[in-house]
Amino acid sequence: MAASLAVRERLARITILGSEERIRAAAQQAGVDLSGVELIDHVRAGDFDKMVSLLYEARRAKGMTLDEARTALRDPLYYGNLMVRDGRADGSVAGATNTTSHTVRAALHCIGVRSGFKLVSSFLLMALRDQSIGHNGAMIYADCGVVIEPSAAELAEIAIASADSCRALLGAEPRVAMLSFSTKGSARHKLIDKVVEATRTVRARAPEIEIDGELQADAALVPAIAQSKAPGSAVAGRANVLIFPDLQSGNIAYKLTERLAGATAIGPILQGLDGAANDLSRGCKAEDIIDAIAISAVQAQARKAR
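As the structure is a computational prediction, the values presented were derived from the model and not from experiment.

A. Representation of the overall build of the chain. Summing up its helical and strand segments, the chain has 12 helices and 10 strands in all. Scaling as 2.2 N^0.38, a compact globule of 306 residues should have a C-alpha radius of gyration of about 19 Å, and the chain matches this with 21 Å. Along the first, second and third principal axes, the C-alpha set of the chain runs to 65 × 45 × 30 Å. Intrachain contacts of the chain at a sequence separation of at least 6 include 68% that bridge at least 24 residues.

Listed below in structure tokens is the structure:
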């Protein structure tokens, strides 16, 4: 259904990988018209051997054999992400029947990490009812889905990638808040030191990014509190990108924002890859897949514009 809707709404050109017979049977049973959707039975595709060679060349330095590449390519996640690597597709969307770890691994093995980066992370696009917060009610939360306990260097990379994601998806200049349980030295702890170090690293690597930290969440979002806790900060009280110190805090925060503030969470969306590839939650709805397709298309366009 999602593929049909995406084509009908002209969001993207869609290719579905898998057994054509099974795909058509499932579509017929659901009453879905697949007109305009390309179907590729990747295992029987004429370029299967070429794609095996492409994967082998990409991974042989990591120890992959030709037979292992052939086995891996039977998985549509690997074939689809190699299409992105080879320029035959602008992005991939997968994961409705796969774990996040498997989806991310396939993207990493086939597409690889973006130049200048060492890490793949994720973010959530949060749509809030209160449009005075963030960018007209939209915010970036990271990382809430991939990197469990980032180091200071990894946290800095998450922040830089999230700033790029803010520009691409919100069309706004990022104002990045590096969150902690302290604001500007109000407490002392090694966990706070990590956030402070990450903030310094971002300023050194990407001085064009407006960033501040360490900040508590209220100081990052509420102007009156920002004036009291972080006077003179260009970010405090007006952040549109929130970087959490670890996945535990980020995951808890986005679910609380959903349930208590009635926000809509879109994602997790992958960032840091050398191409657009996105993960779906198992049991996702057609609307979730449509969102992922639209975001992947925007990411691909932003990458071409860089």
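B. The arrangement of the pattern of salt bridges in detail. Throughout the structure, instances matching the rule amount to 13 salt bridges. Among the ionic pairs, D86 bridges to K50, the shortest N-O distance being 3.3 Å. In this pair, D86 is assigned in the loop between α5 (76-85) and β3 (91-94) and K50 in helix α3 (residues 48-59), connecting sequence segments 36 residues apart. For K50, a relative accessible area of 48% puts it in the partly exposed group. The closest approach of N and O atoms between E173 and R167, which form a salt bridge, is 3.6 Å. Overall, the relative accessible area of 52% leaves E173 in the exposed class. What emerges from the salt-bridge pattern is a single network uniting R114, D164, R167 and E173.

C. Focus on the packing of aromatic side chains. Under the counting rule described, the total for this entry stands at one aromatic pair. Its guanidinium or amino end placed over the ring of F117, R205 lies 5.9 Å from that ring's centre, counting from NZ or CZ.

D. A nonpolar patch on the surface, seen in detail. Nonpolar side chains collect at one region of the surface, where I252, L256 and L260 lie side by side and expose about 330 Å² of accessible area between them. Note that I252 resides in helix α11 (residues 247-261).

E. Representation of the pairing of strand β6 (residues 175-179) within the structure. Of all the five residues making up β6, five are buried; the element is thus mostly covered by neighbouring parts of the structure. What you see with β6 is no split at all: R175, A177 and L179 on one side and V176 and M178 on the other are buried throughout. With five bridges joining them, β6 and strand β7 (residues 210-215) adopt parallel strand pairing. Within the sheet, the bridge partner assigned to L179 lies in β7 and is L215. Once you follow β6 into helix α8 (residues 190-205) and on to β7, the crossover reads as right-handed. Of the strand pairs in this sheet, β6 and strand β8 (residues 241-243) are connected by three bridges, and their pairing is parallel. For A177, the partnering residue across the bridge sits in β8 and is L242.

F. Up close: the nonpolar core. Grouped together as the largest cluster of nonpolar side chains are 31 residues, with contacts concentrated most on V176, M178, I209 and I243. Going through the elements one at a time, β4 (121-127), β5 (138-142), α7 (152-170), β6, α8, β8 and β9 (264-271) are the ones with two or more residues in this core. If you tally residues by element for this core, the top one is α7, at nine residues. Beyond its immediate stretch of four places on either side in the chain, M178 contacts L155, A159, V195, A198, T199, I211, D212, G213, E214, L215 and I243. Counting 20 residues, the second-largest nonpolar core is a separate cluster that includes L128, M139, V235 and A239.

Rules of the game
- Residues numbered from 1 in each chain as written.
- Predicted model: local features only at pLDDT ≥ 70, side-chain atom pairs only at ≥ 80, totals over all residues.
- Heavy atoms only, no water.
- Helix = DSSP H or I, 4+ residues; strand = E, 2+ residues; numbered from the N terminus.
- Rg over C-alpha atoms; globule rule 2.2 N^0.38 Å.
- Contact = heavy atoms within 4.5 Å.
- Salt bridge = Lys/Arg side-chain N within 4 Å of Asp/Glu carboxyl O.
- Buried < 20%, exposed > 50% of the residue type's maximum accessible area, 1.4 Å probe, protein only.
- Phe/Tyr/Trp six-rings, centres within 6.5 Å; stacked < 30°, edge-to-face > 60°.
- Lys NZ or Arg CZ within 6 Å of the ring centre and 35° of its normal.
- Patch = residues over 30% accessible without salt bridge, like charges linked within 9 Å, V, L, I, M, F, W, Y side chains within 5 Å.
- Areas by Shrake-Rupley, 256 points an atom, 1.4 Å probe, with all protein chains shown as cover.
- Pairing = 2+ DSSP bridges.
- Right-handed = clockwise from strand over helix to strand, strands pointing away.
- Core = buried A, V, L, I, M, F, W, Y, C linked by side-chain atoms within 4.5 Å.

Just distances and angles here, no functional claims.
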